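Inside the fold
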Amino acid sequence: MASESIMKGPVCLVENEKDQLTVNSKAIRILDTISQPVVVVAIVGIYRTGKSYLMNRLAGQNHGFALGSTVQSKTKGIWMWCVPHPTKPNHTLVLLDTEGLGDVKKGDSKNDSWIFALAMLLSSTFVYNSMGTINHQALEQLHYVTELTKLIRAKAGSRPDEMEDSTEFVSFFPDFVWAVRDFILELKLDGRPITEDEYLENALKLIPGKNPKIQNSNLPRECIRYFFPVRKCFVFDRPTNDKNLLFNIENVPESQLEWSFQVQSKNFCSYIFTNGKTKTLREGIIVTGNRLGALVETYVKAINSGAVPCLENAVTTLAQRENAAAVQKAADHYSEQMAQRVRLPTDTLQELLDVHAACEKEAIAVFMERSFKDEDQEFQKQLVSTMERKKEDFLLQNEAASIKYCQDKLEQLSASLMENISEGIFSVPGGHSLYLEAKREVEEGYKHVPRKGVKANEVLQSFLQSQATVEKSILLSDKALTDGERAIAAERAKKEAAEKEQELLRQKNKKQQQMMEAQERSFRENVAQLKEKMERERENILREQESMLEHKLKVQKELLMDGFKKKSEALNREIQQLTQEIKKTQSKKSFFSHILDTVGSVFIAVLPGAGKVLGLGMKMLGSQM
């Protein structure tokens, strides 16, 4: 469903009432209808600083998110507005407006910290909105960023290398944009003009000194520099000096606002639209609207239970849901395609198995595209098992269709023969010869019937067996034959019946061979697509690790240049650890080793016919790594 038909305005996503966070089921239902990837922009800041106005501009509207003109926070909890992305086709822009931080009316500020953390976890672009300048007070108000190490976990358990869990935040945190409203300074440093980004970076430089106050003052600076590789700054002039207009800014035509503010707002929106990334989780897992809804529920549930939201746990929970859905989607695709492409009865078993192989290949690809974190290929095994059952159903339907078609045709072809038998036409001297000729005509006519299917010979054999008693009776009553001729005729009939039985046995063996080959082919296809998927995942992990390393090296170099040698050296351990992880990921053999150990037994359990190729398949797979 297109996002423009979903939301005409914002709805509350996470309610904050009586110090309790609650997910709004209506908002989740809206997200559930969005299967497109999402770009999630969240804005956070001190209350009454104009956050909602900027979000309305991103939605292309003047109205929408509530604007407050009093000293009380207007927005409570987190509000959501989903709109079509203006520059990314087939993407939805999800705007999250958050409750103003530091509202004096709130008795407990703990939920401020949780809302800040939620905005960080859910967004791909995080906008921090403040007033005036980026000074000591502004940075102090951003103390929430220093609390993230206590409010968010990357991994469920403690790391074996005893590294801080927060060292991995950089791998999944959003881009950071600082919007400075009612900016009153000239963008100059030491008498030379500077850019907005240079202004931000200069404000984030650490202050030398060992004084505890200085160190506390440096903490938000360190966190922002360390957690956010991508940082951007926008400064905004006051939109208007007319207080009356300011209090009703949502009703003021843009042309009545200060020209500089109009330009700055357009630049801000343009940057967000152009540079705002698709929301992804670690290892490149793309977040869609329905996946975002699941993440919201998982995080809020963790907070309300007294736990800390954990990305790894959230991804595991999401994977269980998404992988089950991926199995269903792939199985449905297989059934739909088989129904469309197969015309029953098929002329041969191989014809049906070839269509099965093509549909199976597509279904596996559907599963691979939608699944992630399928530990030990549990869900892929479910899909293989499901498709095997569906294949068996089609085989049975094919046999049933062949039997009915062949029986109907034989009934038509043998109608004259059966009528002559009942009328005693063959109960005369020479009748046996006449009967054999009539029977041969039936067989010859049956032979030329097209697309009889896989049961053609069995149905014919059954028909001929049903005629054996009649033939014997006619043979014995034929006065034109001598006893010797009767014996020869009986022996010939016996020999022909035995030959047809042998032909049926050969056909049965051929069917078994074809079925085994089909399972071998299925095994190879599953392994090949799994290997291809794991290679893509390996590349995603490697890109993520290399990006983290590049950022940590940059931070280390900047600290050294700014004279913070000890802080710079403190990063050595992280950098060495990450370098080792990169080397391990780069080693294909190491990365794929577990697939060689487990994939065989996983798939052979549901594809026993592929057992013969297990050794060969694994050897082949291993040689390609």
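Computed from a predicted model, the values in this text were never measured in an experiment.

1. Some details on the overall build of the chain
Counting secondary structure elements, the chain contains 21 helices and ten strands. In the chain, which comprises 625 residues, the share counted as buried stands at 49%. Considering only intrachain contacts with a sequence separation of at least 6, the fraction spanning at least 24 residues in the chain is 75%. Of the roughly 30,700 Å² that the chain leaves accessible, carbon and sulfur atoms contribute 51%.

2. So, the environment of R225
If you trace the backbone, R225 turns up in helix α7 (residues 212–227). Looking at R225, the relative accessible area reads 6%, which means it is buried. The spacing of R225 and H551 is 326 residues in sequence and 9.5 Å in space, taken between C-alpha atoms. Ignoring any residue separated from it by four or fewer positions in sequence, one finds R225 in contact with L204, K205, L206, R231, H551, V555, E558, L559 and D562.

3. Re the pairing of strand β1 (residues 11–17)
When you tally the buried positions in β1, you get five out of seven residues, the bulk of the element. Bridge analysis of β1 against strand β4 (residues 78–84) gives three bridges, and the strand direction is antiparallel. Within β4, the position partnered with V14 by the bridge is I78. Where β1 meets strand β2 (residues 20–23), four bridges bridge the pair, whose relative direction is antiparallel. Its bridge partner lying in β2, E17 is registered against Q20.

4. Quick notes on unusual backbone geometry
For residues other than glycine, phi is negative in most cases, and the peptide bonds are mostly trans. Along the chain, L344 connects to P345 via a cis peptide bond; the corresponding omega equals -5°. Positioned with a positive phi, N90 is a non-glycine residue whose angle comes to about 60°. Relative to the helices and strands, N90 resides in the loop between β4 and β5 (92–98).

5. Quick look at the environment of A401
Inspection of the secondary structure assignment puts A401 in helix α13 (residues 378–413). Apart from residues no more than four positions distant in its own chain, A401 is found in contact with L344 and P345.

6. Here we look at the packing of aromatic side chains
Under the criterion given, the structure shown has 22 aromatic pairs. The interplanar angle of 25° and the centroid separation of 5.6 Å between the aromatic rings of F116 and Y144 together place this pair among those described as stacked. A residue pair is termed long-range when its members are at least 10 positions apart, and F116 in helix α3 (residues 110–122) and Y144 in the loop between α4 (136–141) and α5 (148–151) qualify at 28 residues. The exposure classification of F116 matches that of Y144, with both residues buried. Aromatic pair F126 and F176: ring centres 6.2 Å apart, planes at 20°, arrangement stacked. With a gap of 50 residues between them, F126 in strand β6 (residues 125–131) and F176 in strand β7 (residues 175–181) connect regions that are remote in the sequence. Of the two residues, F126 and F176, neither departs from the other in class, the shared state being buried. Connected via pairs of aromatic rings, a cluster forms that spans F116, F126, Y128, Y144, F169, F172, F173, F176, W178, Y226, F227 and F228. Here K232 stacks its cationic end above the ring of F234, 5.6 Å away from the centre of that ring. Seen from the ring of Y446, K452 lies directly overhead, with NZ or CZ sitting 5.3 Å from the centre.

7. Some points on the pattern of salt bridges
Within the structure shown, the criterion is met by 28 salt bridges. For the salt bridge of E503 with R506, the shortest nitrogen-to-oxygen distance reads 2.8 Å. Taken together, the residues span about one helical turn, with E503 and R506 both in helix α17 (residues 483–561) at a distance of three residues. On the accessibility criterion, E503 (33% relative accessible area) is partly exposed. Linking K552 and E574 is a salt bridge whose minimum nitrogen-to-oxygen distance equals 2.8 Å. Of this pair, K552 sits in helix α17 while E574 sits in helix α19 (residues 572–586), and the two are 22 residues apart along the sequence.

8. Some remarks on the sheet that holds β4
Spatially, the eight strands line up as an open sheet ordered β2-β1-β4-β5-β3-β6-β7-β10, and their pairing is mixed. This sheet does not close on itself; its edge strands, each paired only once, are β2 and β10 (231–235). The sheet shows a mean angle of 20° between the axes of neighbouring strands, taken without regard to direction. Against the sheet, helix α1 (residues 25–32) touches β1, β2 and β4, its axis set at about 150° to β1. Across the face of the sheet, helix α10 (residues 289–304) comes into contact with β1, β2, β3 (38–45) and β5 while running at roughly 155° to β2.

9. Quick word on the packing of helix α11 (residues 311–341) against helix α12 (residues 349–370)
Packing of α11 against α12 brings their axes to within 8 Å, and their N-to-C directions diverge by 155°. Considered as vectors, α11 and α12 are oriented roughly antiparallel to each other. As α11 runs across α12, the sense of the crossing is right-handed. Side by side, α11 and α12 meet where E322, N323, A326, V327, K329, A330, H333, Y334, Q337, M338 and R341 of the first sit next to L352, V355, H356, A358, C359, E360, E362, A363, V366, F367 and R370 of the second.

Conventions adopted
What you see as residue numbers is a count from 1 along each chain, following the sequence as written. At least 70 in pLDDT is required for a residue's local features to be given in this predicted model, at least 80 for side-chain atom pairs to be given and counted, and no such filter applies to totals for whole chains, interfaces and linings, which use all residues. Calculation of side-chain values draws on the structure's entire complement of heavy atoms; hydrogens and water are dropped beforehand. Runs of H or I in DSSP of at least four residues are treated as helices and runs of E of at least two as strands, each being numbered from the N terminus. Any residue under 20% of the maximum accessible area for its type is buried, any over 50% is exposed, and the rest in between are partly exposed; the area is computed with a 1.4 Å probe on protein chains only. Note on contacts: a residue pair qualifies if any of its non-hydrogen atoms lie within 4.5 Å across the two residues. Values of accessible area rely on a 1.4 Å probe in the Shrake-Rupley scheme; residue burial ignores everything except the protein chains shown. Should DSSP find at least two bridges between two strands, the strands are taken to pair. Put simply, two rings from Phe, Tyr or Trp (the six-membered ring, in Trp's case) pair if the centres are within 6.5 Å, and we call them stacked under 30 degrees between planes, edge-to-face over 60, tilted for the rest. Think of it as a cone above the ring: NZ of Lys or CZ of Arg counts as a charge over the ring if it is within 6 Å of the ring centre and within 35 degrees of the ring normal. We define a salt bridge as a contact between a side-chain nitrogen of Lys or Arg and a carboxyl oxygen of Asp or Glu at a distance within 4 Å. An axis is simply a line fitted to the C-alpha atoms; with a helix, the fit covers only the stretch in contact. Between two such axes, the angle follows the N-to-C directions and lies from 0 to 180 degrees. The cut-offs work like this: below 35 degrees is roughly parallel, past 145 is roughly antiparallel, 65 to 115 is roughly perpendicular, and the gaps in between are oblique. Each crossing gets its hand from how the near helix is turned against the far one by less than a right angle, where anticlockwise is left-handed and clockwise is right-handed.

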